[in-house]
Amino acid sequence: MNVELILTKDGSHTLMRTDLDETYHSIHGAIQESCHVFVENGLEYFAKKFKVKTINIFELGFGTGLNALLSFEWTKCHEVLLNYCTSELYPISVKVIEELNYVDLLDVEIKREFMRLHESTPGIWNELSPYFNFKLDVQNIMNSEISNEYFDVIFFDAFAPNKQPELWTKKMFHKMYQSLAVNGIL
C-alpha cells in the first residue's frame, strides 16, 4: 500500500492512498472534517443528548488516527470515559505517522499519546488516560465479530462506496446496526 502526504486547505495533513486514488480526509481540511463529522456530530452530540459518563465508540477505518486523537483531546475538557475500539486492515507505518502535523496544529503535549495509538498492540485494551481506553484491531471487518448492542457511537469512516463497495452493503450496515447499543448513533 502506497500513501502520499498531502496538505489540506486548513493546514492539516491527509494521506492519498495511491492504489485507490483516494484521500483519507477532505482536501478542504482534515482536522476540520474530523471535528465536524465525527467529534461534533457523533461523540459530542451523543454526550450532550444522553449526559452519560462513559461512551463506547467503534471506528471502522482507523486510518491516520485523527478521529481517535481528536476524541482523546475531547475527553480532557469533558471528563467522560471513552472506550474507543477501532478496526483497520492496513495500518499506516510509524514513519508515515511521524510526518503528519496533527500534534503540531492541535497540542504538542499529546504527541506521546498519538504515537501510542499507532504503536498499540493489536487486540489489547490500552489505557491512555483515566478517560481514554483504546483498542486497535488489525483485521478485515467483513470476517470479524463485533460486540452486539455495545457501541454508543460508530464512526463509519470507510473510503467512498466506489473505492470500497464491500463496506457499503446492506450486510455491513446491518452488522453496524446490530452492534449499536440502545440509543446508539452511526
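A. Here's a closer look at the overall build of the chain. Each helix and strand in the chain was counted, giving 6 helices and 9 strands. Expected size for 186 residues packed as a compact globule is a radius of gyration near 16 Å; at 15 Å, the chain falls within 12% of this value. Over its C-alpha atoms, taken along the principal directions, the chain stretches across nearly 40 × 40 × 30 Å. The long-range share in the chain, meaning contacts at least 24 apart out of those at least 6 apart in sequence, stands at 67%. When the accessible surface of the chain is totalled, it reaches about 9500 Å², and 51% of it is carbon and sulfur. When the 16 basic and 26 acidic side-chain charges of the chain are each reduced to a single mean position, those positions are 5 Å apart.

B. Main features of the sheet that holds strand β5 (residues 81-87). If you walk across this open sheet you meet the 6 strands as β6-β7-β5-β4-β8-β9, and the pairing is mixed. Single-partner strands in this sheet number two, and they are β6 (126-129) and β9 (180-185). When strand polarity is set aside, the average angle formed by the axes of neighbouring strands in this sheet is 30 degrees. In the sheet, β5 pairs with strand β7 (residues 132-137) via 6 bridges, with the strands oriented parallel.

C. Region of the structure containing the side chain of Thr8. Inspection of the secondary structure puts Thr8 in the loop between β1 (3-7) and β2 (13-17). In terms of polar contacts, Thr8 uses its side chain to reach the side chain of Asp10, at 2.9 Å.

D. The arrangement of the layout of surface pockets in detail. As a volume, the largest pocket reaches approximately 550 Å³. Looking at the largest pocket, it is lined by 33 residues, and the ones nearest its centre are Gly61, Asp157, Ala158, Phe159 and Gln164. Put simply, the parts of the chain that give the lining of the largest pocket at least two residues each are β3 (22-23), α1 (30-50), β4 (54-60) and α2 (66-78). With 3 residues, the top contributor of residues to the lining of the largest pocket is α1. Across the lining of the largest pocket, the residue classes break down as 15 nonpolar, 11 polar and 7 charged.

E. Molecular detail of the sheet that holds β3. Taking strand neighbours across the sheet as the criterion, the 3 strands line up as β1-β2-β3 in an open arrangement whose pairing is antiparallel. A single partner strand is all that each edge strand has here, and the edge strands are β1 and β3. Strand direction decides the pairing type here: β2 and β3, joined by 2 bridges, are antiparallel. Across the sheet, the residue bridging to Arg17 is Glu22, located in β3.

F. Spatial organisation of the pattern of salt bridges. On inspection of all chains with the given rule, the structure shows 6 salt bridges. Between Glu73 and Lys76 there is a salt bridge, and its shortest N-O distance comes to 2.9 Å. Within this pair, Glu73 and its partner Lys76 are both found in helix α2, separated by 3 residues, close to a single helical turn. Lys76 gets classed as partly exposed once you look at its relative accessible area, which sits at 44%. Residues participating in the shared-partner salt-bridge network are Glu73, Lys76 and Asp107.

G. Fine view of the state of the cysteines. Considering all chains together, one arrives at 0 disulfides under this definition. With no disulfide of its own, Cys77 lies closest to Cys35 among cysteine sulfurs, the gap being 12 Å.

The rules behind these values
- Residues numbered from 1 in each chain as written.
- Predicted model: local features only at pLDDT ≥ 70, side-chain atom pairs only at ≥ 80, totals over all residues.
- Heavy atoms only, no water.
- Helix = DSSP H or I, 4+ residues; strand = E, 2+ residues; numbered from the N terminus.
- Rg over C-alpha atoms; globule rule 2.2 N^0.38 Å.
- Contact = heavy atoms within 4.5 Å.
- Areas by Shrake-Rupley, 256 points an atom, 1.4 Å probe, with all protein chains shown as cover.
- Lys, Arg positive; Asp, Glu negative; His and termini not counted.
- Charge placed at Lys NZ, Arg CZ, Asp CG, Glu CD.
- Pairing = 2+ DSSP bridges.
- Axes fitted to C-alpha atoms, helices over the stretch in contact; angles between N-to-C directions.
- Polar contact = N/O pair within 3.5 Å; in protein donor to acceptor, adjacent residues only side chain to side chain.
- 1 Å grid on protein atoms, 1.4 Å probe; cavity = no way out; pocket = protein on both sides within 12 Å on 5 of 7 lines; lining within 4 Å.
- Points joined across faces, edges and corners; volume = space filled by probe spheres on them.
- Nonpolar A, V, L, I, M, F, W, Y, C, P; charged D, E, K, R; others polar.
- Salt bridge = Lys/Arg side-chain N within 4 Å of Asp/Glu carboxyl O.
- Buried < 20%, exposed > 50% of the residue type's maximum accessible area, 1.4 Å probe, protein only.
- Disulfide = S-S within 2.5 Å.

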